[in-house]
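The residues making up each chain are set out below.
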Amino acid sequence: MFRKLIAITLLSIAFSFAAPPKDNPLSIREGNKDKFAQMIAPYIEMAKRTFPDVKKKFLAGVYQKEHRILQVQITLSDKNGLNEMTFMKVLGCKGDLFQGTVNNDLRIVKGYAAGDTVSFMQNEILNWVVVDAEGHEEGNFVGKAIDAIQYKNVGIIFEVVFRKGEFNLKYMQSIVGDEIDVDGILPKAVIDEAADLLKKIYRKKLKDGDSFEENEKFYTYHVYDFVNKKFVE
């Protein structure tokens, strides 16, 4: 969504994002595990809260008709007591009992492999994502939160129209790093605050003598420190 727009916008925007190692799991030091768990807990709750509607659509065949796949994330455990969050491609469910296949390579737990069929209960689901053939995602709140934690800074992008002396901002997208979509994890209050801060900046520019073309669209952004919950000056 908005990928062409964002690509053009980023040519003139220098986000100070530090990319994590590609294709590596998030590395968490032992002493930071509790803090990390606290940080992602709201997004697990968000996934659990929104999943019943997703389940209804899956049972009604909506995603199947749209050629989209429902995946959920659960924690697998092995006989050595090791745990690992993994994605399961949902095959079906009866009541609260689900069946799916392991949909990613496992790095920690033993005894499971990609493609294995596993049964699990709905209360074990920690995250969900609906994916189409082109990789476009719906949901994945926990995964997006982890991306935002890794990159730390989230770019909140707006479309701006200057009209009759006022700056009208329309929220477009939240991204980290190289156009990684993290829409849905920032509270509306944060997005609204970003818009208010930008309006103040542009009003000052106008007062200082900058000119803006009437009814002409342009794009701007503010950077939000997702880890420390504050805007970057």
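Along each chain, residues carry numbers from 1 onward, in the same order as the chain's sequence is written. It should be noted that, the model being predicted, local features are given only for residues of pLDDT at least 70 and side-chain atom pairs only at 80 or more, the latter also being counted only at that level, while totals for whole chains, interfaces and linings use all residues. Where side-chain values are given, they derive from all heavy atoms of the structure, hydrogens and water being excluded.

Draft legend 1. Seen up close, the pattern of salt bridges. The term salt bridge refers to a side-chain nitrogen of Lys or Arg lying within 4 Å of a carboxyl oxygen of Asp or Glu. Under the definition given, this model contains nine salt bridges. Lys188 is the partner of Asp192 in a salt bridge, and the nearest nitrogen-oxygen pair spans 2.7 Å. With a gap of four residues between them, Asp192 and Lys188 both fall in helix α5 (residues 188-207), about one helical turn apart. Relative accessible area decides the class of each residue, using a 1.4 Å probe on protein chains only: under 20% of the type maximum gives buried, over 50% gives exposed, and in between gives partly exposed. A residue is classified by how much of its surface remains accessible, and Asp192, at 33% relative accessible area, is partly exposed. Note on Lys188: relative accessible area 61%, which makes it exposed. When salt bridges that share partners are traced, they join Glu66, Arg68 and Glu138 into one network. By definition, any uninterrupted DSSP run of H or I lasting at least four residues is a helix, any uninterrupted run of E lasting at least two residues is a strand, and each is numbered from the N terminus.

Draft legend 2. Quick look at the sheet that holds strand β10 (residues 217-225). Two strands form a pair only when DSSP identifies at least two bridges running between them. Spatially, five strands are ordered β9-β8-β7-β10-β11 in an open sheet, and the strand pairing comes out antiparallel. Each having just a single partner strand, β9 (180-181) and β11 (230-231) make up the two edges of the open sheet. Here strand β7 (residues 153-163) pairs with strand β8 (residues 166-176) via nine bridges, running antiparallel. Residue Ile157 lies in a different strand from β8, and its bridge partner there is Gln173. The contact rule is simple, with two residues in contact once any of their heavy atoms fall within 4.5 Å. Angular values range over 0 to 180 degrees, each being the angle between N-to-C directions of two axes fitted as lines to C-alpha atoms, with helices fitted over their stretch in contact. Packed onto the sheet, α5 meets β7, β8, β10 and β11 and runs at close to 130° relative to β8.

Draft legend 3. Layout of helix α2 (residues 33-59). Given the number of residues in a helix, its expected span is that number minus one, multiplied by 1.5 Å. With 27 residues, α2 should reach 39 Å at 1.5 Å per residue; the first-to-last C-alpha distance of 36 Å fits that figure. Think of it this way: the bend at a residue is just the angle between two axes, each fitted to seven residues, one set ending at that residue and the other starting at it. The largest bend in α2 is about 40°, located at Phe51, with the proline Pro52 one to four residues further on. Turning to α2, its buried residues number three or more, namely Phe36, Met39, Ile40, Tyr43, Ile44, Met46, Ala47, Phe51, Val54, Lys55 and Phe58. For α2, the secondary structure elements touched by its buried residues are α3 (62-65), β1 (69-77), β2 (83-94), β3 (97-102), β5 (127-131) and α4 (141-151). Where α2 terminates, the next one or two residues include Gly61, which has phi positive at roughly 80°.

Draft legend 4. Quick peek at unusual backbone geometry. Within the chain, Asn140 stands out as a residue other than glycine whose phi angle is a positive 60°. Note that Asn140 resides in the loop between β6 (137-139) and α4. You will see that Lys152, though not glycine, has its phi angle at about 75°, which is positive. Position of Lys152 among the secondary structure elements: in the loop between α4 and β7. The class of Lys152 is partly exposed, set by a relative accessible area of 35%.

Draft legend 5. Representation of the packing of aromatic side chains in the model. Between the rings of Phe, Tyr and Trp (Trp by its six-membered ring), a pair exists once the centres lie within 6.5 Å; its type follows the angle of the planes, with under 30 degrees stacked, over 60 edge-to-face, and the other angles tilted. Considering all chains together, one arrives at 13 aromatic pairs under this definition. Both rings, one in Tyr43 and one in Phe226, keep their centres 5.9 Å apart while their planes meet at 40°; by these two values the pair is tilted. Of this pair, Tyr43 sits in helix α2 while Phe226 sits in the loop between β10 and β11, and the two are 183 residues apart along the sequence. Take Tyr43: its relative accessible area is 8%, and that puts it in the buried class. Among the aromatic residues, those joined into a ring-pair cluster are Phe162, Phe167, Tyr202, Phe212 and Phe218. Directly above the ring of Phe226 sits Lys229, whose terminal nitrogen or CZ lies 3.7 Å from the centroid. Geometrically, a charge over a ring is one whose NZ (Lys) or CZ (Arg) sits within 6 Å of the ring centre while staying within 35 degrees of the ring normal.

These values are about where atoms sit, not about what they do.
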